[in-house]
Amino acid sequence: MGTPVGVVGDDALGDALRDAGEAVERGSDGAVPETDRVVAVGEDAVAAVARADGDPLVLPVAAGRGVRSVPRADAVAAVSGLTDARIETHPVLRVTLPDGTVEQAFWDVTLVTADAARISEFTIASTADRIGRFRADGVVIATAAGSPGYAHRVGGPIVAPSDQAVVAPIAPFATDPDHWVLPVAGLSASVERDEATVELLIDDRVSRTISYQESVTISLGTPVRTAVVGESQSRFE
């Protein structure tokens, strides 16, 4: 056995890799193993690696369209090719909350009303300008990796890996809403009406509520390096 590979999100795959002769390490209590190479199975596992300390090379498996992901059935073969992998770098959103707490998102950040059929009002701004103010159920700010996900379902474009974010209103009151592709650094999103409870979601995890006139600011966090091997699929298909 050689250098151990960490496995997140699929214990059965860890067993299969061991059977194939790989040294495997699992984090305790679901934590991300502190290894140089990590196999992340599923979108949640990729997001967990992005939140953790360290800078491993990540092999995404069955992780959706946002990254060049390997089918689950090909994962064991793909791990054997990691030494010859090409590396892609994906930005991470560093999200500063109103109380100064910092969280990280690999896929997207969403502000959305907690109750059905309730809307609020939101402002998107950069350090240089106010970009847009609109009434809607919410707003999603997605990395390039997250752009094929929820942001695309609400009308945003799919973008190639870059330090830009897709910003898209969710169920906007306007009939012809704007969508934006913007540099990540210096973005902010704020709540402008005291009419509904607004929740902040970080990669689909509820973080906290955002009150009237509170805002979250976004900058670039530590990027994630992903491995592209022969079994990796296109992120656009």
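Residues numbered from 1 in each chain as written. Predicted model: local features only at pLDDT ≥ 70, side-chain atom pairs only at ≥ 80, totals over all residues. Heavy atoms only, no water.

Draft legend 1. Highlighting the nonpolar core. Ranked by internal contacts, the top residues of the largest apolar core, which has 26 residues, are L111, I124 and I141. What I124 contacts, discounting residues up to four positions off in sequence, is R130, I131, G132, F134, V139, I141, V167, L182, L187, S188 and A189. (Core = buried A, V, L, I, M, F, W, Y, C linked by side-chain atoms within 4.5 Å. Buried < 20%, exposed > 50% of the residue type's maximum accessible area, 1.4 Å probe, protein only. Contact = heavy atoms within 4.5 Å.)

Draft legend 2. Region of the structure containing the packing of aromatic side chains. One pass over the structure, following the stated rule, counts three aromatic pairs. Ring plane angle 90° and centroid distance 4.8 Å describe the contact between F106 and W107, whose orientation is recorded as edge-to-face. A relative accessible area of 9% means that W107 is categorised as buried. Ring geometry for F122 against F134: centres 6.2 Å apart, planes inclined by 35°, an arrangement best described as tilted. Linking F122 in strand β9 (residues 120–125) with F134 in strand β10 (residues 130–136), this pair joins segments that are 12 residues apart in sequence. The burial state of F122 is the same as that of F134; both residues are buried. Here the basic side chain of R235 rests over the ring of F236, its NZ or CZ set 5.0 Å away from the ring centre. (Phe/Tyr/Trp six-rings, centres within 6.5 Å; stacked < 30°, edge-to-face > 60°. Helix = DSSP H or I, 4+ residues; strand = E, 2+ residues; numbered from the N terminus. Lys NZ or Arg CZ within 6 Å of the ring centre and 35° of its normal.)

Draft legend 3. The arrangement of the sheet that holds strand β18 (residues 224–228) in detail. Read from one edge of the open sheet, six strands run β2-β1-β3-β4-β18-β5, paired in mixed fashion. The sheet terminates laterally at β2 (24–25) and β5 (86–90), the two strands that pair on one side only. Relative to strand β3 (residues 37–41), strand β1 (residues 5–8) runs parallel, the two sharing three bridges. From the neighbouring strand, G6 faces β3, where its bridge partner is V38. Sitting on the sheet, helix α2 (residues 43–51) is in contact with β1, β3, β4 (57–61) and β18, with an inclination near 140° to β3. (Pairing = 2+ DSSP bridges. Axes fitted to C-alpha atoms, helices over the stretch in contact; angles between N-to-C directions.)

Draft legend 4. Representation of helix α1 (residues 11–19) within the structure. Listed in full, the buried residues belonging to α1 are L13, G14 and L17. For α1, the angular spread of buried residues about the axis comes to 105°, placing them on one side. Exposed side chains of α1 directed beyond 90 degrees from the buried face belong to D11 and D19. Where α1 begins, the capping side chain belongs to D10, and its oxygen is found 3.0 Å from the backbone nitrogen of A12. (Arc of directions from axis to C-beta. Polar contact = N/O pair within 3.5 Å; in protein donor to acceptor, adjacent residues only side chain to side chain.)

Draft legend 5. Quick peek at the pairing of strand β16 (residues 205–210). Of the pairings in the sheet, the one linking strand β15 (residues 198–202) to β16 comprises five bridges and is antiparallel in character. Residue L200 lies in a different strand from β16, and its bridge partner there is R208. Hairpin geometry of β15 and β16 is characterised by an intervening segment of two residues between the two adjacent antiparallel strands and by a positive phi of about 50° at D203.

Draft legend 6. A look at α2. Burial in α2 covers these residues: A45, V46, A47, A48, V49 and A50. The elements touched by buried residues of α2 are β1, β3, β4, β7 (102–105) and β18.

Draft legend 7. Looking closely at the environment of S234. Positionally, S234 belongs in the segment after β18. Each C-alpha atom, one on S234 and one on R65, is 7.5 Å from the other, the two residues being 169 residues apart in sequence. At a separation of 3.1 Å, a polar atom in the side chain of S234 contacts the main-chain amide nitrogen of F236.

Draft legend 8. Local environment of the pattern of salt bridges. For the structure shown, the criterion picks out 11 salt bridges. R225 is paired through a salt bridge with D55; the nearest N and O atoms lie 3.2 Å apart. In this pair, R225 is assigned in strand β18 and D55 in the loop between α2 and β4, connecting sequence segments 170 residues apart. Assessed through its relative accessible area of 24%, R225 is described here as partly exposed. What makes D55 partly exposed here is its relative accessible area of 44%. One salt bridge in this structure joins E195 and R193, with 3.0 Å as the shortest N-O distance. Judged by relative accessible area, R193 falls into the partly exposed class, the value being 29%. Several salt bridges share partner residues, and in doing so they unite E121, R133, R135, R193 and E195 into one network. (Salt bridge = Lys/Arg side-chain N within 4 Å of Asp/Glu carboxyl O.)

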